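# What the coordinates show
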Amino acid sequence: MTTIYQELLLAHYQNPKNFGRIIHPGKTITVANPLCGDVITMDVIVADGKVKEIKFSGHGCVISRASGSLLTEYAKNKSQKELLKLDRAFIIKLLGIELGVNRIKCAMLPLEALQKLLI
Amino acid sequence: MTDIRKIKRDFPVFIHNPGLVYLDSAATSLKPQSVIDKLAEYYTKYPANIHRGIYRISEKATEEYEKSRIAVMEFVNARRFEEIIFTRNTTESINLIAYSLGRQIVGADDEIVTTVMEHHSNFVPWQVLADEAGAVFKVVDINGDGCLDVNTSNLAGIITKRTKILALAYVSNVLGTVNPVKKIIRAAKKINPKIITVVDAAQAVPHMPVDVRDLGCDFLAFSGHKMLGPTGIGVLYGRYDLLNSMFPFNFGGGMIKEVTIEKTEFPPPPARFEAGTPAIAEAIGLGEAIKYLQTTGMDKIAAYEKKLTAYAIKHLIESFGADIRVLGPKTADNRVGVLTFAFKNYHPHDIAHILGEENICIRAGHHCAMPVHNRFGLAASARMSLYLYNDYYDIDKLIDGLKKVKKILK
Ligand SMILES: Cc1ncc(COP(=O)(O)O)c(C=O)c1O
């Protein structure tokens, strides 16, 4: 059986990249998944239409935290336009796992935060 | 209790899912073959509508449907069969009271009292009603052990002559606490004899003998699907004089006495509250589920589950010590086999997911009871819940699964 709890995701869960706050962020947002109690706060600094700095914090499950870690890494120096196009299929590919209907919401939470920040 | 291995054999889900460890009966229970067969019996032998046809298979369907009502009446010791209303589930039963009675009797500055441990279905209807009526919505707190913060001495500070409705759970679906409902009702009625008492027995009726006359409640609600019965069928018990004074909740076929262009006259309960074609097969199936429970014996089921619960608490604490925090009573007394816990700082979804990969079913989330989670400062929790088809082996598997969770998440 393939497990979602594989080394790569667990590593991102235990030591997430870009975890914390930006002291003087350009923009900040908090999104939540009330059903499971996940909360993510994301800070960004955008310059010349590109993400210059990005951090996230909050509490969540392995999936939402690993997704936040991988997504923020990916987003650095990418254009706003490009990032607004990202979708569910991208996140699944980024995480490299299959997710059931119930867990896909956890994986999508960081992208929801990012796209709300960039609109 | 009858041999537990024999009981497992009555539930075909275990044949189709070898090795299944089902610990989510508080959400919904598994179904014995006899209940499944009863549904098929209706659909194959007398699949007619009730109360209308004057041909044989309709009469047979009506007879089976009404036999189920009698079975429910006897099961909860109601005085007469007219006191048993078939609904879709507990939620609908409670909403029925809120609409048909609550809206008649609750006015501005009146009070509705409920508790912080309620399932949303016994919380939100009353909160909304209080809001609409301009009434005061009072929520009784619990102590650190998950027991209601009421006793006969402080109840007077909560219930007053203006309290129109007291709505409380018999058993909490998060904490497992069995509330002293009988005592509370008696004390409340002493303060205000006109108070209407509503008991959410969704987690009680499946697991222990329940006697509405002994409790002295005015209403009691529960769901078929949590007590080995089909989905889509629930029960509202109501005192006959109250039901008979209430206005219908739904209007349409099956609940009229006479319709003219000028007006409609409604029949007495229970028909008044069963508009439209009901869940016939499901009601009949519920009767069969009750038969199964009675044959096994509610006292025996309660005693067996208590032993399992004690075993589960003991082994959770022994295996994980301070890493695990069980909400609710810490002994098997005054509680049922619903064990909600926080495990280190692990997210409940991760716990449930890793256990799920081991074929162990538990629930993660707020279990439709956000107020009580806020009360304990948790956004969500993990919950295991037992029923008569569980055994010690299931709990051992859960403990092994939790050890694996700890190994993976560190
Ligand atoms: C205590 C309690 N009340 C009410 C309900 C609602 O039951 P249903 O969803 O069948 O209406 C549940 C179950 O989910 C429950 O555990």
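Throughout what follows, the structure given in this document is the object of discussion. Nothing here was measured: the structure is a model prediction, and the numbers come from that model.

### Comments concerning the site of the ligand
Residue and element names in this part refer to chain B.
- If you check the shell around the ligand, you find Asn89, Thr90, Thr91, His119, Ser121, Asn173, Asp200, Ala202, Gln203, Ser223, His225 and Lys226 and nothing else.
- Separating an oxygen atom of the ligand from a side-chain N or O atom of His119 is a distance of 3.1 Å.
- In this structure, an oxygen atom belonging to the ligand sits 2.7 Å away from a side-chain N or O atom of His225.
- The protein chains hide 87% of the 390 Å² of surface that the ligand would expose on its own.
- When grouped by side-chain class, the residues that make up the shell around the ligand number 1 nonpolar, 9 polar and 2 charged.

### Notes on the packing of helix H2 (residues 62-75) of chain A against helix H4 (residues 88-95) of chain A
Residue and element names in this part refer to chain A.
- Following both chains from N to C, one finds H2 and H4 inclined at 100°, their axes separated by 10 Å at the closest point. Between H2 and H4, the crossing angle belongs to the class labelled roughly perpendicular. Where H2 abuts H4, its residues Ile63, Ala66, Ser67, Leu70, Leu71 and Tyr74 lie against Phe90, Ile91, Leu94 and Leu95.
- Broken down by class, the residue content of the contact of H2 with H4 amounts to 9 nonpolar, 1 polar and no charged.

### Overview of the pairing of strand E12 (residues 338-343) of chain B
All names here are of chain B.
- Counted residue by residue, E12 has 6 buried out of 6 residues, so it is predominantly covered.
- With burial as the criterion, each face of E12 is covered, one bearing Val338, Thr340 and Ala342 and the other bearing Leu339, Phe341 and Phe343.
- Bridge count between strand E11 (residues 324-326) and E12: 3 bridges; the pairing is antiparallel. Within the sheet, the bridge partner assigned to Val326 lies in E12 and is Phe341.
- The sheet contact formed by E12 and strand E15 (residues 381-385) spans 4 bridges and is antiparallel. Pairing of Leu339 across the sheet is with Met384, part of E15.

### Details of the interface of chain B and chain A
- Taken together, the contacts link 15 residues of chain B with 19 residues of chain A.
- Of the roughly 1300 Å² buried between chain B and chain A on both sides combined, carbon and sulfur atoms contribute 57%.
- Interface area lost by chain B to chain A is led by His347(B), His349(B) and Glu357(B), which between them contribute 36%.
- For the interface between chain B and chain A, the tally reads 1 salt bridge.
- Arg103(A) is paired through a salt bridge with Asp350(B); the nearest N and O atoms lie 3.1 Å apart.
- Those elements that provide at least two residues to the side of chain B that touches chain A are helix H12 (348-357) and helix H14 (392-409) of chain B.
- Counting residues per element, the side of chain B that touches chain A draws most heavily on H12(B), which supplies 5 residues.
- Within the side of chain B that touches chain A, the residues separate by chemical class into 6 nonpolar, 6 polar and 3 charged.

### Concerning the sheet that holds E11(B)
Residue and element names in this part refer to chain B.
- Strand order in the open sheet formed by 4 strands is E11-E12-E15-E14, and the pairing between neighbours is antiparallel. The sheet terminates laterally at E11 and strand E14 (363-365), the two strands that pair on one side only. Adjacent strand axes in the sheet meet at a mean angle of 30° when their direction is disregarded.
- Along the sheet, helix H11 (residues 298-320) contacts E11, E12 and E15; its crossing angle with E12, the most-contacted strand, is approximately 10°.
- Helix-sheet contacts for H14 involve E11, E12 and E15, and the interaxial angle to E12 is about 15°.

Procedures and definitions
- Residues numbered from 1 in each chain as written.
- Chains lettered and ligands numbered in written order.
- Predicted model: local features only at pLDDT ≥ 70, side-chain atom pairs only at ≥ 80, totals over all residues.
- Heavy atoms only, no water.
- Near = heavy atom within 4 Å.
- Polar contact = N/O pair within 3.5 Å; in protein donor to acceptor, adjacent residues only side chain to side chain.
- Areas by Shrake-Rupley, 256 points an atom, 1.4 Å probe, with all protein chains shown as cover.
- Nonpolar A, V, L, I, M, F, W, Y, C, P; charged D, E, K, R; others polar.
- Axes fitted to C-alpha atoms, helices over the stretch in contact; angles between N-to-C directions.
- Helix = DSSP H or I, 4+ residues; strand = E, 2+ residues; numbered from the N terminus.
- Parallel < 35°, antiparallel > 145°, perpendicular 65-115°, else oblique.
- Contact = heavy atoms within 4.5 Å.
- Buried < 20%, exposed > 50% of the residue type's maximum accessible area, 1.4 Å probe, protein only.
- Pairing = 2+ DSSP bridges.
- Buried area = accessible area lost by both parts, 1.4 Å probe.
- Salt bridge = Lys/Arg side-chain N within 4 Å of Asp/Glu carboxyl O.

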